[in-house]
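# Structure at a glance
If you want the building blocks of each chain, they are given just below.
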Amino acid sequence: MKHQAPELEFEDEESQIKPLTPEEAEAWRKRQPKMSMWRILVLQALMGAAVALLAWWIAGRAAAWSAAYGALAIVVPAALFARGVARNSGSTAQASGAIARLFAWEFVKLVLCIAMLAAAPRLVPNLHWLALLAGMVVTMKTYWLVLITGRASVRKTD
């Protein structure tokens, strides 16, 4: 006894997918604002500074340095990633390697973040791991806040 329902369901889903025409794709691109990754990085750095100030107020100077270092462990690799991905991003000659370049820079970002965390006990005197973690998490989640609220800048170029 054969059961054909999954195949029919898959075919039904496939028939519902309609590719956009070039005009529809262009209209969709115009409706979607482009966000500046540099503005998001600046906002991440500002939120990291705010967490460091809050940590200083709550737990003192060592906690503030720990929170600031946690924020830097996110912002510095993200800035390097953004710079690497943005370089030659408009070139159509290298479009075939764009995904490989994206993954390579993501790997560099991940390794640098891990290296910074591994170096934290030697670089930050009286390290407070909870403050470092708070600085990292708040900084890391800032871009989601920017995306959700829609307050990222719209690039006027392009």
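Residues numbered from 1 in each chain as written. Predicted model: local features only at pLDDT ≥ 70, side-chain atom pairs only at ≥ 80, totals over all residues. Heavy atoms only, no water.

## Quick look at the overall build of the protein chain
Counting secondary structure elements, the protein chain contains 6 helices and 0 strands. The order of α-helices and β-strands along the protein chain, N terminus first, is α-α-α-α-α-α. Counting across all 158 residues of the protein chain, residues that qualify as buried make up 27%. Long-range pairs, those at least 24 residues apart, make up 75% of the contacts in the protein chain with a sequence separation of at least 6. Summed over its atoms, the accessible surface of the protein chain is roughly 11,700 Å², and 67% of this surface lies on carbon and sulfur atoms. (Helix = DSSP H or I, 4+ residues; strand = E, 2+ residues; numbered from the N terminus. Buried < 20%, exposed > 50% of the residue type's maximum accessible area, 1.4 Å probe, protein only. Contact = heavy atoms within 4.5 Å. Areas by Shrake-Rupley, 256 points an atom, 1.4 Å probe, with all protein chains shown as cover.)

## Examining the UniProt feature "transmembrane region" (unreviewed entry) in the protein chain
Within this numbering scheme, the UniProt entry marks residues 38-59, 65-86, 98-120 and 126-146 as carrying the feature "transmembrane region" (unreviewed entry). The annotated region residues 65-86 carries 100% helix and 0% strand content, and the separation between its end C-alpha atoms amounts to 31 Å. End C-alpha atoms of residues 126-146 are separated by 33 Å, and the span's content is 86% helix alongside 0% strand. (UniProt positions renumbered as here; feature names shortened; annotations may be inferred.)

## Focus on the packing of helix α4 (residues 61-86) against helix α5 (residues 98-123)
Helix-helix packing is characterised by the crossing angle of the two axes and by the distance between the axes. Taken N-terminus to C-terminus, the directions of α4 and α5 make an angle of 155 degrees; their axes are 9 Å apart at the nearest point. Here α4 is positioned roughly antiparallel relative to α5, judged by the angle of their axes. Our pair here, α4 against α5, has a crossing hand that is right-handed. (Axes fitted to C-alpha atoms, helices over the stretch in contact; angles between N-to-C directions. Parallel < 35°, antiparallel > 145°, perpendicular 65-115°, else oblique. Left-handed = near helix turned anticlockwise from the far one by under 90°.)

## A look at the side chain of Gln44
As for its position among the elements, Gln44 is in helix α3 (residues 37-59). Beyond its immediate stretch of four places on either side in the chain, Gln44 contacts Ile74, Val75, Ala78, Thr139, Met140, Thr142 and Tyr143.

## So, the environment of Tyr69
Take Tyr69: it is sitting in helix α4. Sequence separation between Tyr69 and Leu133 is 64 residues, and the spatial gap between their C-alpha atoms is 9.5 Å.

## Let's talk about the environment of Trp56
Tracing the chain through its elements places Trp56 in helix α3. Residues Trp56 and Ala67, spaced 11 residues apart in sequence, show a C-alpha to C-alpha distance of 8.9 Å. Beyond its immediate chain neighbours, meaning those up to four positions away, Trp56 contacts Arg61 and Ala64.

## Some points on the pattern of salt bridges
For the coordinates displayed, the defined rule picks out 1 salt bridge. Note that Lys109 and Glu106 form a salt bridge whose closest N and O atoms lie 3.6 Å from each other. Placement of the pair is Lys109 and Glu106 together in helix α5, with a separation of 3 residues, close to one helical turn. What makes Glu106 partly exposed here is its relative accessible area of 33%. (Salt bridge = Lys/Arg side-chain N within 4 Å of Asp/Glu carboxyl O.)

## Considering the nonpolar core
By size, the foremost hydrophobic cluster in this structure holds 11 residues: Tyr69, Ala73, Ile74, Cys113, Met116, Ala119, Ala120, Val124, Leu127, Leu132 and Met136. In this structure Ala120 touches Tyr69, Leu127, Trp129 and Leu132, once residues within four positions along its chain are discounted. The next biggest cluster of nonpolar side chains, apart from the first, holds 6 residues, and it includes Ala55, Ala63, Ala67 and Ala131. (Core = buried A, V, L, I, M, F, W, Y, C linked by side-chain atoms within 4.5 Å.)

## Things to note about the packing of aromatic side chains
Applying the stated criterion to the full structure yields 0 aromatic pairs. Stacked on the ring of Phe81, the Lys or Arg Lys109 has its end atom at 5.0 Å from the ring centre. (Phe/Tyr/Trp six-rings, centres within 6.5 Å; stacked < 30°, edge-to-face > 60°. Lys NZ or Arg CZ within 6 Å of the ring centre and 35° of its normal.)

## Looking at the confidence of the model for the protein chain
Averaged over every residue, the pLDDT of the protein chain is 82; the share at 70 or more is 79%. Here helix α1 (residues 5-16) stands out as the element of the protein chain with the lowest mean pLDDT, 58, in contrast to α4, whose mean of 93 is the highest. The model gives residues 151-158 a pLDDT under 50, and that stretch makes 13 contacts with residues more than four places away or in other chains. (pLDDT = per-residue confidence, 0-100.)

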